[in-house]
Amino acid sequence: MTRPEGSIGRGRSALRLVAAVVLAAVGALVAQPRRVDRPRLRPRQVIGLAAVAATGGSIGFVLFFEGLARASSTQAAFLHKTLVIWVALLAVALLRERLRLLHVVAIAVLVAGQAVLSGGVAGLRFGVGEWLVLAATLVWSGETVLASWLLRAVPVRYVAVTRMAGGVVLLTAWLAVTGRWPALVGLGGEGWLWATVTGVILAGYVALWFSALAKAPAVDVTAVLVPAAVVTGVLDVVVNQAPVTPASATGMLVVLAGAALAIGAATSRPALGSSPRESL
């Protein structure tokens, strides 16, 4: 199942532009007028912020939506949910986060449940689209670990606004280079209304995501994304009246069990500042 090639560019930069503006406005409103609120960024932190904007804000989205236009939606969903595996590996290696047996079991159950929801991995075939989605997932895993490191010293709003604003600039440049600029400037009133609504939602998601990364280990925060598949499945049943099959029901139950294990693993670990993470 593939999607039209032109479905990627249209509206993506618009909603991210709205999200960047919302984040910048909120950041300006909550910022203290005194300079004490403005941290002095070290050179490697500036480089890190630029990398977050380039990887999470643009490259990851380009790879993902290019892949999604060519890959099966169920296979793409499964590959994206393996994000928790790659984040766990990178967080242990680069941030020195500690994984207990309960973490490993929770991750295994979460991925297994997502595999059941996606119809199993036996039929997983890697074409260009699947490789692009996997590449995007790896890029986002690197961004998650990098952002987790930055957020120990850099305020959330700095990281969030940089990710979105920098991503808008790079995505807009990509649209211009690939000749898809008309997809953005050609949006009508309905298109911009959709971009505004979804952009506000995206801004809230990014702010919440980075706020969580600032307070909890990257593995625990990323594990929360996998149970979102259950919400998607329930909405599909309620809105689209999709049939509830034994496989989908089993997959949802397994994912929920994995989420419960992940919460247990997160609450049983020491406080964030009690373990060494000054690495990367």
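Whatever comes next refers back to the structure up there.
Residues numbered from 1 in each chain as written. Predicted model: local features only at pLDDT ≥ 70, side-chain atom pairs only at ≥ 80, totals over all residues. Heavy atoms only, no water.

Here's the deal with the pattern of salt bridges
Using the criterion set out here, one finds two salt bridges in the structure. A salt bridge links Glu66 to Arg70, with the nearest nitrogen and oxygen atoms 2.8 Å apart. Arg163 serves as the salt-bridge partner of Glu143, at 2.5 Å between the closest nitrogen and oxygen. Of this pair, Glu143 sits in helix α6 (residues 128–150) while Arg163 sits in helix α7 (residues 156–177), and the two are 20 residues apart along the sequence. Residues Glu143 and Arg163 agree in their burial class; the two are buried. (Salt bridge = Lys/Arg side-chain N within 4 Å of Asp/Glu carboxyl O. Helix = DSSP H or I, 4+ residues; strand = E, 2+ residues; numbered from the N terminus. Buried < 20%, exposed > 50% of the residue type's maximum accessible area, 1.4 Å probe, protein only.)

Overview of the environment of Gly67
Summarising the element assignment, Gly67 is placed in helix α2 (residues 43–68). Sequence spacing of Gly67 and Leu134 is 67 residues, and the spatial spacing of their C-alpha atoms is 8.6 Å. In contact with Gly67, not counting residues within four places along its chain, are Gly129, Leu132 and Val133. (Contact = heavy atoms within 4.5 Å.)

As for the nonpolar core
If you look at the biggest cluster of nonpolar residues, it comprises 49 residues, and the most contacted ones within it are Phe64, Leu110, Leu150, Val159, Phe210 and Leu213. For this core, the element with the most residues is α6, which contributes eight residues. Beyond its immediate sequence surroundings of up to four residues, Leu150 is in contact with Gln45, Gly48, Leu49, Val52 and Val159. (Core = buried A, V, L, I, M, F, W, Y, C linked by side-chain atoms within 4.5 Å.)

Section: helix α11 (residues 228–240)
Compared with an ideal rise of 1.5 Å per residue, which puts 13 residues at 18 Å, α11 spans 17 Å between its outermost C-alpha atoms and is within 8% of the ideal. Here α11 has its buried residues at Ala229, Val230 and Gly233. Taken down its axis, α11 places every buried residue within 105° of arc, on the same side. Exposed and oriented more than 90 degrees from the buried face of α11 are Val231, Thr232, Val238 and Val239. Among the structural elements, α3 (73–81), α5 (101–117) and α12 (246–268) are those in contact with the buried residues of α11. (Expected span 1.5 Å × (residues − 1). Arc of directions from axis to C-beta.)

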